[in-house]
Protein chains: 2
Amino acid sequence: MSHILILGGDGYLGWPTAMHLSSRGHEVTVVDNYYKRAICKDLHINPLYEVPDLSVRAKRWHEITGKEIKVCVSDLTNINSMNALFNGKCNYDWCVEKKYTGIPDTIVHYAEQPSAPYSLMNNTTANNTISNNLLVTNNLLYSVKEYSRDSHIIKLGTMGEYGTPNIDIEEGWIDIEHNGRNGKFLFPRQGSSIYHTTKVMDTDLIWFAVRTWELKVTDLMQGPVYGIETEESIIDKDLSIIFFYDEIFGTILNRFITQAIIDYPLTVYGKGGQTRGYLNIKDTMQCIEKAVINPAKDSELRIFNQITETFSVNQLADKVYNVGQQLGFNVMIESIENPRKEAEEHYYNPKYQGLLELGVKPHYLDDLVLEGMFNQVIKYRDNIKKDIIFKGIKWI
Amino acid sequence: MSHILILGGDGYLGWPTAMHLSSRGHEVTVVDNYYKRAICKDLHINPLYEVPDLSVRAKRWHEITGKEIKVCVSDLTNINSMNALFNGKCNYDWCVEKKYTGIPDTIVHYAEQPSAPYSLMNNTTANNTISNNLLVTNNLLYSVKEYSRDSHIIKLGTMGEYGTPNIDIEEGWIDIEHNGRNGKFLFPRQGSSIYHTTKVMDTDLIWFAVRTWELKVTDLMQGPVYGIETEESIIDKDLSIIFFYDEIFGTILNRFITQAIIDYPLTVYGKGGQTRGYLNIKDTMQCIEKAVINPAKDSELRIFNQITETFSVNQLADKVYNVGQQLGFNVMIESIENPRKEAEEHYYNPKYQGLLELGVKPHYLDDLVLEGMFNQVIKYRDNIKKDIIFKGIKWI
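Because the structure is predicted, anything quoted here is derived from the model rather than measured.

Student: Account for the overall build of chain A, with residues named and values stated.
Tutor: Across its full length, chain A carries twelve helices and 14 strands. For 396 residues, the compact-globule estimate of 2.2 N^0.38 gives 21 Å, and the C-alpha radius of gyration of chain A, at 20 Å, lies within 12% of that figure. Expressed along its principal axes, the backbone C-alpha trace of chain A runs to roughly 65 × 55 × 40 Å. By residue count, 54% of the 396 residues in chain A fall in the buried class. Put simply, 81% of the contacts in chain A that link residues at least 6 apart link residues at least 24 apart.

Student: Let's hear about the packing of helix α10 (residues 313-326) of chain B against helix α12 (residues 367-378) of chain B: which residues, and what values?
Tutor: Residues and elements named next belong to chain B. For the pair α10 and α12, interaxial distance at closest approach is 10 Å and the crossing angle is 70°. With respect to α12, the element α10 is oriented roughly perpendicular. Of the two elements, α10 crosses α12, and the hand of that crossing is right-handed. Here K319, V320, V323 and G324 of α10 lie close against α12, whose contacting residues are D367, L370, E371 and F374. Grouping the constituent residues of the contact of α10 with α12 by class yields four nonpolar, one polar and three charged.

Student: Summarise the environment of I39(B); cite the residues concerned and give the values.
Tutor: Residues and elements named next belong to chain B. Counting through the fold element by element, I39 comes out in helix α2 (residues 35-43). According to the C-beta neighbour criterion, I39 is partly exposed, with 18 such atoms within 10 Å. As for I39 and Q113, which are separated by 74 residues in sequence, their C-alpha atoms are 9.7 Å apart.

Student: Help me get a handle on the relation of the copies chain B and chain A, residues and values and all.
Tutor: In screw terms, the move from chain B to chain A is a rotation of 180° and a rise of 0.0 Å along the axis, fitting with an RMSD of 0.0 Å. This pairing of chains is accounted for by a two-fold axis. Minimal C-alpha separation from the rotation axis in chain B is found for M201(B), amounting to 2.7 Å. In this assembly, 100% of the residues forming the interface of chain B have copies in chain A that are likewise at the interface, indicating an isologous arrangement.

Student: Let's hear about the environment of E112(B): which residues, and what values?
Tutor: Here E112(B) shows up in the loop between β4 (106-109) and α5 (116-119). Non-local contacts of E112(B), meaning those with residues more than four positions away in its chain, are made with G8(B), N132(B), N133(B) and V136(B).

Student: Could you give an account of the interface of chain B and chain A, with specific residues and numbers?
Tutor: Facing 41 residues of chain B, the contacting portion of chain A comprises 41 residues. Of all the secondary-structure elements, those providing two or more residues to the side of chain B that touches chain A are α6 (123-147), β6 (173-178), β7 (181-186) and α7 (194-213) of chain B. Looking at the side of chain B that touches chain A element by element, the count peaks at eleven residues for α6(B). Per-class residue counts for the side of chain B that touches chain A are 22 nonpolar, 15 polar and four charged.

Student: Can you explain the sheet that holds strand β4 (residues 106-109) of chain A? Please cite residues and give values.
Tutor: Residues and elements named next belong to chain A. The seven strands lie next to each other as β3-β2-β1-β4-β5-β8-β12, forming an open sheet whose pairing is parallel. A single partner strand is all that each edge strand has here, and the edge strands are β3 (69-73) and β12 (301-306). The mean inter-strand angle of the sheet, taken between neighbouring strand axes irrespective of direction, is 20°. In this structure, β4 lies alongside strand β5 (residues 152-158), joined through four bridges in parallel fashion. Bridging from a neighbouring strand, V108 pairs with I154 of β5.

Calculation rules
- Residues numbered from 1 in each chain as written.
- Chains lettered and ligands numbered in written order.
- Predicted model: local features only at pLDDT ≥ 70, side-chain atom pairs only at ≥ 80, totals over all residues.
- Helix = DSSP H or I, 4+ residues; strand = E, 2+ residues; numbered from the N terminus.
- Rg over C-alpha atoms; globule rule 2.2 N^0.38 Å.
- Buried ≥ 20, exposed ≤ 12 C-beta atoms within 10 Å, placed from the backbone.
- Contact = placed C-beta atoms within 7 Å.
- Axes fitted to C-alpha atoms, helices over the stretch in contact; angles between N-to-C directions.
- Parallel < 35°, antiparallel > 145°, perpendicular 65-115°, else oblique.
- Left-handed = near helix turned anticlockwise from the far one by under 90°.
- Nonpolar A, V, L, I, M, F, W, Y, C, P; charged D, E, K, R; others polar.
- Least-squares fit on C-alpha atoms with pLDDT ≥ 70 in both.
- Pairing = 2+ DSSP bridges.

Below, the structure is given as C-alpha cells:
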C-alpha cells in the first residue's frame, strides 16, 4: 500500500479520490486551501448542497470506516507550505495521530483553479489562475526534486489542452516526419481559455522537469466529468461529493440535468456541434487508482487521455431531454448565442486506449445513469438558484 | 511615425532600441521597474561599466539630439500600472512635457527576466521568473484587448523555445500530416530551462489571445545577441549599452571576449557542440525596426526566427581564440563539466528567412567585429570581476 498526497483534496474530484484510495488501504493525506470555496463565496455561487469542511469529513470517514485521511489546510503557492508536506514539518488540521507519514509514494495533483469562465472574467481572475496553477505545479516539482525524487506525480491535465485539431488526437505524443527527418514531440496544444492555457503551460513545465530532473509523472488529460456519487460517497451524507451546477464550476452534464429539473431550457451554445470526451466520476476514481498502482517509469512523462466516450453538446442535450421527458419533466432545449470563442462544428477523434489497457472498466452514459443523476439532483430541487446557471461570461 | 512603448526599456536591448527608434522619428516611451538591477545588486553582479538610470539617459538623449524618450518606472506585473500606459494615467519619471502621447501603435515587449541560470538557482528564483514573465505578458494582452486592439505587439521570444529538435526548425509554424489528415500548428517547443519554458508559455498565452481577441502580434524568436555598441550608443558615454559578462546575464560571446582579455580560459561546457543561432545587437535594432514598420495583420501571430547565422560553442571559442591571439592576448580554451542538462552534439537547422525578406541586412560575425568588441571591452579591463564569470549554477 502507498502513502498518497492529494493536493486539492476538497474539490469535486479530490475528496472522492481520497475516500476511494483510503478504502483500498492506502495512507492518504489531503491538502487544500479552500480557494474554490473562497471564489464561490465572492461570487455568491452555491453548490447543490453544502458539504462540511475536510476535517469534519475526515473525522466522519474515520468514525465510519476506522480509516484515517489526514487533513492539511495550506496554500501550496507558498514554497514552505509545499516543502512541509515532504520534510515532516506539516501541521495537520485533522488526523488521528500527529505523526508524519513520511515521503509520499504518489502525489495526485488536483490543486488548480479549474474553471474556464472564471479564468476569463477579467484580468485579475486570469492572473490568479495563472499564478495559482503554475506556482503550485512548480513548487510541487521542486519539492519532489529536493526531497522525494522517487515519488510518482499524477497530474490532472485536460483534454482541452489539445483544442479541436483537424487531425486525430494521440495520447500526449506525436511522431512528426518533416523534410525527411523524424522526431517525437508533445502533441500540439492550444487551450481555448486562459484556464486551459495554464494546463498547457503546466505540461510545458512538467516536461522540462521530467527531462531535467528525471522525475516520473503521469499527466491525465481528462474530459469533463459528470456524476454525483461514488461507491464511498453514498455511505453517509457528510461524505457527499460537492456538486456544482452553475456556469463557473458546473460541468455540462451536471448542469443540464439541474436545468431540466427546474424547467430551465438546456442552454446549447451556438450550433451545439462542439464535441468532447466525457467520463463518469466513478471512472475518474478507477483511472487514478490504476495510475497509482502502475506508476510511470523514471524520467517518463506518461500521458493518458482520460475519457470513455465522446459526445457533442447536441447529443448530450438530446440524452437529457429524452430521459427527462420519460421522468415527467418538461425539458426544453434552447440554442443561444455562444459566449465562447470556439469551433461549433469540427473534426474530433481522440485516442484513449492507455487507461483501458491498465484495466479501467468504463461506466458508459446510458439512460440508467442519467435517471440516477436525475433522482439524486431532484432531492435538492429547492436549493437550486436559477440565477447562477447562466450569466454569459464572454470569451471576447 | 509611430508612438511606441518599450517595456523593459532599461535592459541590454531595451535602451538601444529606444534610441534607435527615437532617432528615426518615432515617439518613444520606455518603461521598466529596474528588476534586473535589483537582481544584480542582490547577487553582487556588476556590468562592465555602470550606466545611468533611464531618466538621466533620456535627459542626455534629449540634450544631444533634441528628441524625447519618455520614461516611466513602473512594475508591469501590477494590472493598474500596465493599464496606466494605455489610459493616460501614467506618471512619467522623466519627459519634456507631461502630456500623454496617446494609445501606442506598437508595443515592444522586452519586460522579462531573461536569464536561464537565474531561473534555475532555486525554487524562489524559478517562481519569480514564472510570475514576472507571465503576468507582464498577460497584463499586456489584457490592456491591449481593453484599450488598444489595433496596437501591434512585438514580443521577444527566444530560439531556445524550440530546443534542439531532430528536424528542421521552421519559423514558428509547422504543417503536420497525420493519419491522412492535415493541420497547421505552432512548431513543437520544449524549453531547456525554467526561463526558456516561460517563453514557451508566453507563446501559448499569446496564441490564445491572438485567436480569441483578434490581436496582432509579432513574436521574435531571438538567438543570443552579442555586441557592445550601436549607431546611437556611441554618441555619448551616458548613452552606452549595459554590458554583462557574468554567468547569469552575460551572453556567451560577450562573456568569452571578456574572459579572453583577463586570461580566464574560455569555459566550454562539455563537448562544445551545442549549436545556436546568433546575431549582432545592431541587427536586433534592424529587426525590431522592420517589424515596427511592417506590422502583423489582425488576428495574426507572426513568428520570425531572429538570427543571422549559427555557430557551435567550439566555433565561437575558436573565433575568439584566433582574434585574441592576433591581438596579443594569451587566450586559453578549457572544456569543463557541463553544469547544464543539454545535448552537447545535435542536429540544428533553423530557418530564418522572414526578417531578411523584410529587408534586414545582417552584420556577420567576422574578425573585424570581434576585434572591435575586444577594443571596447579592454577599455574597462580594470572593472572586470573574475569571480562572477563562472559560478556553475547547476541545472539538476
